[in-house]
Amino acid sequence: YDSSIRTGNEVLDTVLTEKSLICKKERIQWTCMADGSRLNFLNPVDLYAIFGNALDNAIESVRNLQEPEKRVIAVTVFHRGGLAVLQIENYYDGTLRFQDGLPLSEKGDDAYHGFGMKSIRRTVEKYDGSIAVHTEDQIFILSVVFPLPSPPD
């Protein structure tokens, strides 16, 4: 674990380190600038599920891209003005279809696939957060915003 990630949040450290090691093995470029110090209000299972699902989707998207320079995942976590912001960016190939603001699964069987993004949305909304997905020049961008709890007086 010489590639351990330290964000100030143990759960976030675990999931980001795990996914970075998968990226290394898969020859996917990984950039991560994450301050998780203010994410302790999230239940550890929820925090792991949000990042785990989002990063699994990103890894799956770039894993088989033909151009090595597009096999890239960028993770950013920061807080500003009472908000915690998570952003994950990755290249994708093909055309994405959206329904209710989320991409539809490309695996063909909607009865068994496509739950990851819905799960992320449900979990984020539990904390009065919001999720936004958009694409730009074959780059998929997932943004999650949480209001930070007020510090105790």
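Calculation rules
- Residues numbered from 1 in each chain as written.
- Predicted model: local features only at pLDDT ≥ 70, side-chain atom pairs only at ≥ 80, totals over all residues.
- Heavy atoms only, no water.
- Helix = DSSP H or I, 4+ residues; strand = E, 2+ residues; numbered from the N terminus.
- Expected span 1.5 Å × (residues − 1).
- Buried < 20%, exposed > 50% of the residue type's maximum accessible area, 1.4 Å probe, protein only.
- Polar contact = N/O pair within 3.5 Å; in protein donor to acceptor, adjacent residues only side chain to side chain.
- Contact = heavy atoms within 4.5 Å.
- Pairing = 2+ DSSP bridges.
- Right-handed = clockwise from strand over helix to strand, strands pointing away.

**Focus: helix α2 (residues 44–63)**
Here comes step 1: Its 20 residues give α2 an end-to-end C-alpha distance of 27 Å, which sits within 8% of 28 Å, the value for a rise of 1.5 Å per residue.
Here comes step 2: For α2, the full list of buried residues reads D46, L47, I50, F51, G52, A54, L55, A58, I59 and V62.
Here comes step 3: Of the residues that open α2, the one with a side-chain oxygen 2.7 Å from the backbone nitrogen of V45 is N43.

**A closer look at helix α1 (residues 10–26)**
Here comes step 1: When the terminal C-alpha atoms of α1 are compared, their 24 Å separation across 17 residues agrees well with the 24 Å that a helix rising 1.5 Å per residue should span.
Here comes step 2: Among the residues making up α1, those that are buried are L12, D13, V15, L16, T17, K19, S20 and C23.
Here comes step 3: At its buried positions, α1 is contacted by β1 (29–34), α2 and β2 (72–80).
Here comes step 4: Between the side-chain oxygen at the start of α1 and the backbone nitrogen of V11 there is a gap of 3.0 Å, and the oxygen is on N9.
Here comes step 5: Trailing α1 by a residue or two, R27 shows a phi angle of about 60°, which is positive.

**Overview of the pairing of β1**
Here comes step 1: Bridging between β1 and β2 involves six bridges; their strand directions are parallel. Counted as the bridge partner of M33 is T76 from β2.
Here comes step 2: Running through α2, the crossover from β1 to the neighbouring parallel element β2 is left-handed.

Note that every value here comes from positions in space, so none of it alone points to a role or purpose.
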